[in-house]
Amino acid sequence: MTDDQQGRFAIGVDVGGTGIKAGLVDTETGNLAFKRVRVLTPKPSTPPEVGAAMAELIELLVSTALELGVVDDRSVLDALPIGCGFPGVVRDDHVDYAANLDQTWIGSNITRILAEHTGRRFFIMNDADAAGLAEMTFGAGRKHRKKTVLLTTLGTGIGTALFTQGRLVPYTELGHFEMNGRDAETQAAESVKVRENLSYEEWAGRLQQYYSQVELLVAPDVILIGGGISKSHTQFLHLIRTRAELKPAKLLNNAGIVGAAILAANNGKAKVKKGSA
């Protein structure tokens, strides 16, 4: 990383129910400087435990960058902004809702907790919104910015991010509407496919019900399927019928990291860069 390039880079963090990932991101291209690093989400996933894991993760990222020679001076990395995709709703730095994490997060000041453990300032947004921001900037949504686009991330749960005319409608949380008397994500997330050993055909049947109900609530022009499972989209996407155009996301498991880094580079503003390649 040259002196001229430093202003383009930011650190992105993606907090999940099973793992916390981080990457050093070139926010002009969406590329990671090297392979993302990861630590396990602690059990229990209380604020102090996650804060400690976050400190371990940032240190791992810094040490890896130095070891690979991406930078020669640690102070360069220490000065970079950090964005974080968090699985829940955060308003004015306080957690209103937390999915797939310990419920002691509710009411806590997340930026203060992370600062206490890492000594760094974090910009926070919803994890699915972060993935959507990345896909709209660099990925499968880039050519559809004038339309209404819904990203769904299929992983431990189901996250959603809604964009219209290139603007984010934050915290849609469409993985939690009622389906068959329970949260939709408890029946149709990728983790359920793995846990119940469902075939792609069986899982697609559940996804069909989910997306049919989604389209009763919102009317997107395009639905993007994100999360790591999107790399296997040829196994199941053709089995689902929607009014909207159904497309696989492009950034896979890096989307949340890239989107969080974009947030940090924009000083906490979730803006889709119109000129991105």
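Scroll up a little and you will see the structure.
About the cut-offs
Residues numbered from 1 in each chain as written. Predicted model: local features only at pLDDT ≥ 70, side-chain atom pairs only at ≥ 80, totals over all residues. Heavy atoms only, no water. 1 Å grid on protein atoms, 1.4 Å probe; cavity = no way out; pocket = protein on both sides within 12 Å on 5 of 7 lines; lining within 4 Å. Points joined across faces, edges and corners; volume = space filled by probe spheres on them. Helix = DSSP H or I, 4+ residues; strand = E, 2+ residues; numbered from the N terminus. Nonpolar A, V, L, I, M, F, W, Y, C, P; charged D, E, K, R; others polar. Axes fitted to C-alpha atoms, helices over the stretch in contact; angles between N-to-C directions. Parallel < 35°, antiparallel > 145°, perpendicular 65-115°, else oblique. Contact = heavy atoms within 4.5 Å. Phe/Tyr/Trp six-rings, centres within 6.5 Å; stacked < 30°, edge-to-face > 60°. Buried < 20%, exposed > 50% of the residue type's maximum accessible area, 1.4 Å probe, protein only. Lys NZ or Arg CZ within 6 Å of the ring centre and 35° of its normal.

Trainee: So what exactly am I meant to see when it comes to the layout of surface pockets here?
Mentor: A water-sized probe rolled over the atoms picks out the places where empty space is left. Here the largest pocket is characterised by a volume of approximately 760 Å³. For the largest pocket, the lining is made up of 40 residues, of which Asp14, Gly16, Lys21, Gly155 and Thr156 are closest to its centre. For the lining of the largest pocket, the elements supplying multiple residues, two or more each, are strand E1 (9–15), strand E2 (19–26), helix H4 (127–138), strand E9 (148–154), strand E10 (158–164), helix H6 (190–195) and helix H8 (255–265). Counting residues per element, the lining of the largest pocket draws most heavily on H4, at four residues. A per-class count over the lining of the largest pocket returns eleven nonpolar, 20 polar and nine charged. Reported here for the second largest pocket is a volume of approximately 310 Å³.

Trainee: I would appreciate a short explanation of the packing of H4 against H8 in the present structure.
Mentor: A pair of packed helices can be characterised by two numbers: the angle between their axes and the separation between those axes. Between H4 and H8, whose axes approach to 7 Å, the crossing angle comes to 85°. By the angle between their directions, the pair H4 and H8 is classed as roughly perpendicular. Where H4 abuts H8, its residues Ala130, Ala131, Leu133, Ala134, Glu135, Thr137 and Phe138 lie against Ala255, Gly256, Val258, Gly259, Ala260, Ile262 and Leu263. Residues of the contact of H4 with H8, tallied by class, amount to ten nonpolar, three polar and one charged.

Trainee: Can you walk me through the packing of aromatic side chains in this structure?
Mentor: To describe a pair of aromatic rings, one takes the distance between the centres and the angle between the planes. One pass over the full model with this rule turns up five aromatic pairs. Arranged with centres 6.0 Å apart and planes meeting at 0°, the rings of Tyr200 and Phe236 form a pair that is stacked. You can see Tyr200 sitting in helix H7 (residues 200–217) and its partner Phe236 sitting in the loop between strand E14 (222–226) and strand E15 (245–248), a full 36 residues away along the chain. With respect to burial, Tyr200 and Phe236 carry one shared label: buried. Through a chain of ring-to-ring contacts, three or more aromatic side chains come together here, namely Phe177, Tyr210 and Tyr211. Taking NZ or CZ as reference, Arg121 lies 4.9 Å from the ring centre of Phe123, over its face. Over the face of the ring belonging to Tyr200 we find Lys193, whose NZ or CZ atom lies 4.2 Å from the ring centre.

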